[in-house]
Every structure is written in structure tokens, then in C-alpha cells.
Amino acid sequence: MEKTEVVVAGAGPTGLMLACELRLAGIDVVLVDGLAARTGESRAGGVHARTMELFDQRGLLEHLRPQGRRMQAGHFGALPLDFSDFDTRHPYMLAVLQSVVERELDQRVTELGTTVRWGAPVVGFAQDATGIEVEIGGQAGPRKIRASYLVGCDGGRSAVRKLASIGFSGTDATVTGMLADVELADPPDGPFFGHRRGAGDYSAVQFEPGWYRLIVQRHDLVLPRGATLSFDDFRASYREIAGTDFGMHSPRWVTHYGDAARQADRYRDRRVFLAGDAAHIHYPAGGQGLNLGVQDAVNLGWKLAIALRGNVSDELLDTYESERWPIGARVLQNTRAQTALQRPGPHMDALRETMGDLIDMDVVRQRLGLMITALDIRYDTKGDHPLAGRRVPDADLSTEHGATRIAELLRSGRPILLRLNGHQLGSAAGSRVDVIDANSTQRWSVPGLGEIPVPAAVLIRPDGYVAWAAAHSDDTGLTEALSTWFGTD
Ligand SMILES: Cc1cc2nc3c(=O)[nH]c(=O)nc-3n(C[C@H](O)[C@H](O)[C@H](O)COP(=O)(O)OP(=O)(O)OC[C@H]3O[C@@H](n4cnc5c(N)ncnc54)[C@H](O)[C@@H]3O)c2cc1C
């Protein structure tokens, strides 16, 4: 029987990112997908600041950025949210298609030594005390792979989730979004988003010269999940709501989706984990799904690697659920709020006007924007330093090897103890982390918090979150943080 360390089911953005993270840490991975080949569907239309930071930390952003377009604002329920003053190197949304993100991740995972096995759906598994036997179906016939862990990144209808008997609780669809990637004979003057009219709203955004993404959202019908939507039906719906079809023709992709919002009751069942859409589905309001999945993957990847190779308590793997489940839950909540805000009628018009006024207030714009961009995430890593549990700012540094920044140090995917401005803390860190001495002269900026003094030392997890930090030469709590997160030598 074939053996590996981790089977990743599903080669969408979540599975690809997870496989990249595992390979970077030197873990053996089998990445399978039930489809015969990649569809090339454009799907998601953008990534937010925190995902860009993660891509930057792995050297992927430099490949993606030239293939996308910067947008200073995102939205909340189609009310504009300006990100341009957020404390990040990427205070914008990058309009880049999911198909492009997948292509880059595909290339990276191949460079790291794993290729997707297409036509190979996970159809069963059995776990025992020492491992898991994963059953693969598909054209090549049934076969089994023995692994230490299985991660279901197999989308909203996840077979892994169902086989693990993990519930998927939430709310049913109340609205239908219809989308078509098309060419236009008579295009609008510029892009527009969320124009409200009658029972719905409509948008038109040019993605590349020659083609547009048109979306119509209808609050007066709920299409069943498996229903097909023809291009003619899409055009008729768009025309009915927008009053024009802009001469649409030559569709590349036509689809529909609803606002069912569901979340896996658990993200872990012993040796089985769920990530991405397999763990949570929701309306693509604010453009958060792909981001959430990639961030799940980056949270889980290094933990699995340390569990496989390090001497660490199994509780480390439980922190995947305790950290990521609440983040998923709040995305579901905010998408519910956004679809509610987009309902038609004079009462909602009044509420939108009120919300628009509130969003003009800095504190509200920051609160919503930092949530949508996921820059405000703070995990419970203990410790009372303001950085504890937050993402580490991408500060400029000078080291004995020259100028660098924190995102570049994280490219190895290794934990880092960064000692700043001559503070010599943590000499007993051992081989679990890379100890790096650097100078940083400017105060550090933290989203939602403002500027803070440069810390004396920061213990940075491979996902870029701060496991421990000290303001002065005092390493209280460092030994515990090292063994909690990275095990013992
Ligand atoms: C119209 C639309 C617009 C969107 N816009 C945005 C946006 O702007 N920003 C954003 O962040 N998100 C957006 N999203 C959401 C985003 O597309 C999803 O959240 C994202 O695709 C989730 O990635 P995933 O890898 O978790 O799952 P998927 O992309 O669904 O990938 C799952 C993979 O698993 C495979 N699979 C299924 N069953 C099995 C099995 N049994 N064994 C092995 N493999 C299997 C599938 O073939 C598939 O390749 C949008 C979604 C839609 C529909």
C-alpha cells in the first residue's frame, strides 16, 4: 500500500496552499482531486490584505500582483469601504482571478515536488491509533493510501466532512446571485458595483481588456443548488433588473450561487481535518471565501508539520479549530448581515443610508474593513504584549546580511525568534526556531492599534502570528511559548 504523511483532498486554493505549506516544511504529501482536470473557471475575483501578506511571506505575491489590479476599496453589503490608510504594505484589494491564484499555487507546489493527482476522489477512510487509510476512487480504480493525517479541502460538498459524520449547521439560502463572464457590445462607461433596482441589484466590472464580469442579485427567487442557469436565462434576468444587457455575448462562464451559510460543527476528528469551503460556506459578499480558505491552510500546515516531525503535544493540532472556527463563524455572520443589507425596499434603503453615514465614521470603517481584510485577527497565544496573538507587522530590518523585512524572513516557513536592537533574549531557543538578530529603528504600526515601540524580541510562528513578544530584556514566558508552539528539542 502506498504510504505518505498527509493526504490532502481537493486541489482548489485551500488544498494547493496547504500542500505548499507542508512541502515547504519537508512533509510528504499526496494531493488528490476528484475532477478529471482543472476547469479554468475564473471564480473568486480578488484577495485581501492579509492573504496578500501571507502570499508575500512565501514569495508568491510578486508573481500574483502583476496579474491583478489594485482596488483601494472593498465593500460591506455593497457600501464602499476604503482600505487605503490601513497599516499594511497592501492597503488595497487585489482584483485577481481565482484561476490565476490556482495557476500560481499549482506551479509552486510542483516546484516543491508534488503534483495534483486528478481523477482521484477520496471515497472513504478508516482511522486507527497510528494512522489513516484513505480510499481513493476514480478512473484508476479503487486504491488505498496510508497516511498520518487526511485534510478535507474538498469544497462545500466535502465528501471528507460527510464521511467523518461532521455536521454542517447554519442557515438556508434566501437570495440568488447570478454571474456571467462575458464580452459586451455596448459596455458601460466605467465599472460599477451593486446598483439597486426593483427586486435586486446588478454590477459590471471589467477584469481584462475585452471581457466583463456581470452579476445580478435577485432577492425574489432562490434557485436550487443543482439547477442549471443558461446564458439566455442569465441575460433575461440581468435585463429585467438592470434594464439593459449591455449587448452581452460570448459567455466564458455562467453560474449561480446562494447565501446558504453553513459551518462544520468541528474542524477536526482525530486524524481528519477540514479546511476552506469544506469547513464553511457563505455568500461571496465582500470577497472573503478564498481568503478564509488560504488562511485556514496556512494556520494548519505548520502545525501538522510540527506534529509530524517535532516533539509537541497533540493539543497543538487542536488549536487549528480553536483559532480558525471563530474566524469562520464571524465571516458567516458578516455575510448574513451583508445580504440582509442588500434586500430591496424603502426600509432597507433607509437602513443603508444610515449604515453609509456610519461607515463614513473612521471607527466604523476601520472595524468593518479590518474584519473583511482579516488584518484584525488576534489568536489567544497568552501574554500581555500588544503584539501577542496578532499578525507580526512587516517591519523593515537591518541584519548582518543587509536590509530585509519580516515577510522575507518568513519565506523559509520556519519559526523565528527575532531579537531586536541588541536585546539578547532566548539563548536556549535550540534548533526549533531560527534566531535572528536585527535592528529596527521605526516604531511598528499595528492595524486597529496604531504605533507601538519596537519590541525587544518577538517569537513568530510560520504563519506570521506572534507566539510571544517582550517589550524589554525579560524572557518570562518564552520557554513555555517555545514548547507550546514548537515542541521540545
Ligand atoms: C461567484 C463567486 C465569487 C467569489 N468571489 C470570491 C472573492 O472575490 N473572494 C474570495 O475570497 N472568495 C470568493 N469566492 C469564494 C471562493 O471561490 C471559494 O471560497 C474557494 O473556491 C474555496 O476554495 P477551496 O479550495 O476551499 O474549495 P474549492 O475551490 O471548491 O475546491 C475544492 C476542490 O476539491 C475537489 N473535490 C471535491 N470532492 C473531492 C473528493 N471527494 N476528493 C478529492 N477532491 C475533491 C474539487 O474538485 C475542487 O477542485 C467566490 C465564489 C463564487 C462562487
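From a predicted model like this one, the values you see are computed outputs, not experimental measurements.

1. Describing the site of the ligand
Now for step 1: Every one of the 30 residues lining the ligand counts as a neighbour, but Thr14, Asp33, Gln98, Leu290 and Asn291 are closest to it.
Now for step 2: In this structure, an oxygen atom belonging to the ligand sits 2.6 Å away from a side-chain N or O atom of aspartate 33.
Now for step 3: Alone, the ligand offers 1,000 Å² of accessible surface; in the complex the protein occludes 85% of this.
Now for step 4: Contributions of two or more residues to the shell around the ligand are made by helix H1 (13–24) and helix H7 (289–309).
Now for step 5: Sorting elements by how many residues they give to the shell around the ligand places H7 first, with three residues.
Now for step 6: Taken together, the residues of the shell around the ligand break down into 13 nonpolar, 13 polar and four charged.

2. Remarks on the packing of aromatic side chains
Now for step 1: Tallying each qualifying case throughout the model produces 14 aromatic pairs.
Now for step 2: For the pair tyrosine 267 and tyrosine 320, a centre-to-centre distance of 5.7 Å together with 40° between the ring planes defines the contact as tilted. In this pair, tyrosine 267 is assigned in the loop between strand S18 (261–264) and strand S19 (268–269) and tyrosine 320 in helix H8 (residues 315–341), connecting sequence segments 53 residues apart. Here the two residues tyrosine 267 and tyrosine 320 agree in accessibility, since each one is buried.
Now for step 3: By way of ring pairs, the aromatic residues Phe192, Tyr202, Phe234, Tyr238 and Phe246 are connected into one cluster.
Now for step 4: Seen from the ring of tyrosine 92, arginine 70 lies directly overhead, with NZ or CZ sitting 4.2 Å from the centre.
Now for step 5: One cation-aromatic arrangement involves arginine 213 over phenylalanine 207; the distance from NZ or CZ to the ring centre is 5.4 Å.

3. Considerations on the sheet that holds strand S29 (residues 466–470)
Now for step 1: A sheet is described by the order of its strands in space; here four strands give the open sequence S25-S24-S28-S29, paired in mixed fashion. A strand with exactly one partner marks an edge of an open sheet, and here the two such strands are strand S25 (434–438) and S29. Looking at each pair of strands side by side, their axes are set apart by 15° on average, direction ignored.
Now for step 2: In this structure, strand S28 (residues 457–460) lies alongside S29, joined through four bridges in antiparallel fashion. The partner of isoleucine 460 across the bridge, within S29, is valine 466.

4. Some words on the side chain of aspartate 33
Now for step 1: Relative to the elements of secondary structure, aspartate 33 occurs in the loop between strand S3 (29–32) and helix H2 (49–57).
Now for step 2: It turns out aspartate 33 is buried and unbridged, and the closest side chain with the opposite charge, arginine 38, is 5.8 Å from it.
Now for step 3: Looking at aspartate 33, its side chain comes within polar contact range of the main-chain nitrogen of leucine 35, at 2.9 Å.
Now for step 4: Setting aside chain neighbours within four positions, we find aspartate 33 in contact with Gly10, Ala11, Gly12, Val116, Arg117, Trp118, Gly119, Ala120 and Pro121.

5. Notes on the environment of leucine 418
Now for step 1: In this fold, leucine 418 is placed in strand S24 (residues 416–420).
Now for step 2: Once the C-alpha coordinates of leucine 418 and alanine 457 are considered, the two residues, 39 residues apart in sequence, prove to be 5.5 Å apart.
Now for step 3: Beyond its immediate sequence surroundings of up to four residues, leucine 418 is in contact with Leu397, Ile406, Leu409, Ile436, Ala438, Trp444, Ala456, Ala457, Val458 and Ile460.

6. Focus on the domain arrangement of the chain
Now for step 1: Each domain of the chain was delimited in the assignment, giving domain 1 (2–170 + 262–372), domain 2 (177–257) and domain 3 (396–486).
Now for step 2: Taking the mean C-alpha position of each, domain 2 and domain 3 sit 48 Å from one another.

7. Here we look at the pattern of salt bridges
Now for step 1: Counting across every chain of the model gives 39 salt bridges.
Now for step 2: The closest approach of N and O atoms between arginine 38 and glutamate 102, which form a salt bridge, is 3.2 Å. Of this pair, arginine 38 sits in the loop between S3 and H2 while glutamate 102 sits in helix H4 (residues 98–111), and the two are 64 residues apart along the sequence.
Now for step 3: Notably, a salt bridge pairs arginine 108 with glutamate 111, separated by 3.5 Å at the nearest N-O pair. Within this pair, arginine 108 and its partner glutamate 111 are both found in helix H4, separated by three residues, close to a single helical turn.
Now for step 4: On the accessibility criterion, glutamate 111 (55% relative accessible area) is exposed.
Now for step 5: Several salt bridges share partner residues, and in doing so they unite Asp56, Glu62, Arg89, Asp394, Asp396, Arg405, Glu408 and Arg411 into one network.

Conventions adopted
Counting from 1, residues in each chain are numbered in the order their sequence is written. Predicted model: local features are reported for residues with pLDDT of at least 70 only, side-chain atom pairs are reported and counted for 80 or more only, and whole-chain, interface and lining totals are derived from all residues. To get the side-chain values, all heavy atoms of the structure are used, and hydrogens and water are removed first. Throughout this document, a residue counts as near a molecule or strand when at least one of its heavy atoms sits within 4 Å of that molecule or strand. We define a polar contact as two N or O atoms separated by no more than 3.5 Å, with the added condition that, inside protein, one atom must be a possible hydrogen donor and the other a possible acceptor, whereas residues neighbouring each other in sequence contribute only through side-chain atom pairs. Each accessible area is a Shrake-Rupley result for a 1.4 Å probe, and residues are judged covered by the shown protein chains and nothing else. Helix and strand assignments follow DSSP, with helices taken as H or I runs no shorter than four residues and strands as E runs no shorter than two, numbered in order from the N terminus. In this count, Pro and Cys sit with the nonpolar residues alongside Ala, Val, Leu, Ile, Met, Phe, Trp and Tyr, while Asp, Glu, Lys and Arg are called charged and the others, Gly among them, polar. Any two of the Phe, Tyr and Trp rings considered here, Trp counted by its six-membered ring, make a pair once their centres fall within 6.5 Å; the pair's planes then place it as stacked at under 30 degrees, edge-to-face at over 60, or tilted in between. Residue burial is assigned from relative accessible area. The probe radius is 1.4 Å, only protein chains are included, and a residue is buried under 20% of its type maximum, exposed over 50%, and partly exposed in between. Here, over-ring charges are defined by two tests on the NZ atom of lysine or the CZ atom of arginine: distance to the ring centre within 6 Å, and angle to the ring normal within 35 degrees. Two strands qualify as a pair provided that DSSP identifies no fewer than 2 bridges between them. Axis lines are fitted through C-alpha atoms, for helices just across the contact stretch, and the angle between N-to-C directions can take any value from 0 to 180 degrees. The charge count includes Lys and Arg as positive and Asp and Glu as negative, but it does not include His or the ends of the chains. Think of a salt bridge as a Lys or Arg side-chain nitrogen and an Asp or Glu carboxyl oxygen that are within 4 Å of each other. Contacts are assigned to residue pairs with any non-hydrogen atoms lying within 4.5 Å of each other. Segment limits for the domains were obtained from an automatic or database-derived domain assignment.

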